[in-house]
Amino acid sequence: MEIQRTKIVDIFDPALVGKKVCVKGWVRTRRGNKHVQFVALNDGSTINNIQIVIDLEKFGDEELKPITTGASLHVEGLLVESQGKGQNVEIQAESIEIYGTADPAEYPLQKKGHTFEFLREKAHLRMRTNTFGAVMRIRHHLAFAIHKYFNDHGFFYLNTPLITESDAEGAGDMFQVTTLDLDNLPKTDDGKVDYSQDFFGKHTSLTVSGQLEGELGATALGAIYTFGPTFRAEQSNTPRHLAEFWMIEPEIAFLQLDGLMALEEDFIKYCVKYALDHCADDLAFLNKMIDNSLIERLEGVLKEEFVHLPYTEGVKILEEAQQKGHKFEFPVSWGTDLASEHERYLVEEHFKKPVIMINYPKDIKAFYMKQNDDGKTMQGTDVLFPQIGEIIGGSVREENYDKLMAEINRRHMGIKSLWWYLETRKFGTVPHAGFGLGFERLVLFVTGMQNIRDVIPFPRTPNNAEF
């Protein structure tokens, strides 16, 4: 009778020492001599491998020949305290079943260093490496922490549509959704594409944000959050951009600026602390192999109170830095949208702690943000982090119908597809606020990885939709 499998994450329990155990996983390495062989086995449940000790008097050469890096095994044996360095326990193999082989001449993940660029071309296998296994486990724990935080704070999880008619931010870079025959498009009398014949009867796209629909939920349920995929068709081949990524977007009725900033800080600190508490082994590995200041930086976020910095004051600090000789790639002046280099200067060099920048010029922010009494600025809130720059973008939303309409008209925006959004300002409008967190940006910060393509299992970028 087969022994019940123990996951490798659980095999290090001292209570199992002296007992017969069963493990299953993939071979990371095999080494040894003519008397004994050592196999490092990993099943993805932990960064740690379990060492399998194979006494060559019990197993024949032909039986062991297929056990190479990448092969999958079912091993049963006695768990004993280890005599060697590097592990506390090991398994003395009594039986080995080979589920699948991996020809060393073809298997690309041999025991040697691989560049992240190479591994992106092997995305079907890269999660088997130590680094990507660690990143994906941390990604899971952060996703769970997000759901737990909002659930425990009385928010309701709202599923907003992926297919939409509205462009939430006015950016315009959206992926079109259509069932029309692109080789034979129906046309109207004036020669334009006749979208009345399309599946939805109108021009539709993949969403760039669930925010506008999230506001509808907040004005009914009080506090909601979305957590789902969003899509942007920007031609941005940078280490910070993806065409398909995940967004967390809470929206809260009766919340104003101070409460919004408090929520943003509390939420992000909760996520970082959850990772430190639940991903210690994976973070220790990444701290050693990827970024040796990672854990110190994560712990630093928890210790510091975030700076609340008006945009105008931030620009003054940056202008003074320029005057003193600091070279920015993009010059800064009041009214310019800050680049990542500006945000990081404020966080990493000037304040040396996270910053929540508020009260941005209205011309560089979205139409839905609440205007301040000065007529020039809006109550936006960007949370700026070391290494990343902006990690959260939020705002108090304009709840006054007339002011919102005036801003939409000033920007010459079409309101035909926003009638439902505007009606929430006519029927029981309330002060409300919310923010958006790009999930991959959070994973990037917590893992210390440098490229956003390396914190999502299968990145979608310009000219790349493989796997």
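Owing to the predicted nature of the structure, the values given are computational and were not obtained by experimental measurement. (Residues numbered from 1 in each chain as written. Predicted model: local features only at pLDDT ≥ 70, side-chain atom pairs only at ≥ 80, totals over all residues. Heavy atoms only, no water.)

Caption draft 1: Structural context of the packing of aromatic side chains. Across all of its chains, the model carries 22 aromatic pairs by this definition. Here the aromatic rings of Phe 144 and Tyr 274 are separated by 6.2 Å at their centres, their planes lie at 45 degrees, and the arrangement is tilted. Of this pair, Phe 144 sits in helix H3 (residues 130-152) while Tyr 274 is found in helix H5 (residues 257-278), placing the two residues 130 residues apart along the sequence. Take Phe 144: its relative accessible area is 44%, and that puts it in the partly exposed class. Judged by centre distance (5.3 Å) and plane angle (65 degrees), the ring pair of Tyr 149 and Phe 267 falls under edge-to-face. Of this pair, Tyr 149 sits in helix H3 while Phe 267 sits in helix H5, placing them 118 residues apart in sequence. Each member of the pair, Tyr 149 as well as Phe 267, carries the same accessibility label: buried. In textbook terms, an aromatic cluster arises when at least three aromatic residues are bridged by ring pairs, as seen for Phe 144, Tyr 149, Phe 150, Phe 155, Tyr 157, Tyr 225, Phe 267, Tyr 270, Tyr 274 and Phe 435. For the cation-ring pair, Lys 376 lies above Trp 334, with the distance from its terminal atom to the ring centre recorded as 5.4 Å. (Phe/Tyr/Trp six-rings, centres within 6.5 Å; stacked < 30°, edge-to-face > 60°. Helix = DSSP H or I, 4+ residues; strand = E, 2+ residues; numbered from the N terminus. Buried < 20%, exposed > 50% of the residue type's maximum accessible area, 1.4 Å probe, protein only. Lys NZ or Arg CZ within 6 Å of the ring centre and 35° of its normal.)

Caption draft 2: Seen up close, the sheet that holds strand S15 (residues 389-397). Overall, mixed pairing links the 8 strands, which are arranged S6-S10-S11-S16-S15-S14-S13-S12 in an open sheet. Every interior strand has two partners, whereas the edge strands, strand S6 (156-157) and strand S12 (307-310), have only one. Here 9 bridges tie strand S10 (residues 223-231) to strand S11 (residues 244-253), and the two strands are oriented antiparallel to one another. Across the sheet, residue Ala 223 finds its bridge partner in S11, namely Ile 252. (Pairing = 2+ DSSP bridges.)

Caption draft 3: Looking closely at the packing of H5 against helix H7 (residues 294-303). Two elements in contact, H5 and H7, have axes separated by 9 Å at closest approach and are oriented at 140 degrees. Put simply, H5 runs oblique to H7. Judged by the twist between their axes, the crossing of H5 over H7 is left-handed. Two secondary-structure elements touch here, H5 through Lys 269, Val 272, Lys 273 and Leu 276 and H7 through Ile 295, Leu 298, Glu 299, Val 301 and Leu 302. Considered class by class, the residues forming the contact of H5 with H7 number 6 nonpolar, no polar and 3 charged. (Axes fitted to C-alpha atoms, helices over the stretch in contact; angles between N-to-C directions. Parallel < 35°, antiparallel > 145°, perpendicular 65-115°, else oblique. Left-handed = near helix turned anticlockwise from the far one by under 90°. Contact = heavy atoms within 4.5 Å. Nonpolar A, V, L, I, M, F, W, Y, C, P; charged D, E, K, R; others polar.)

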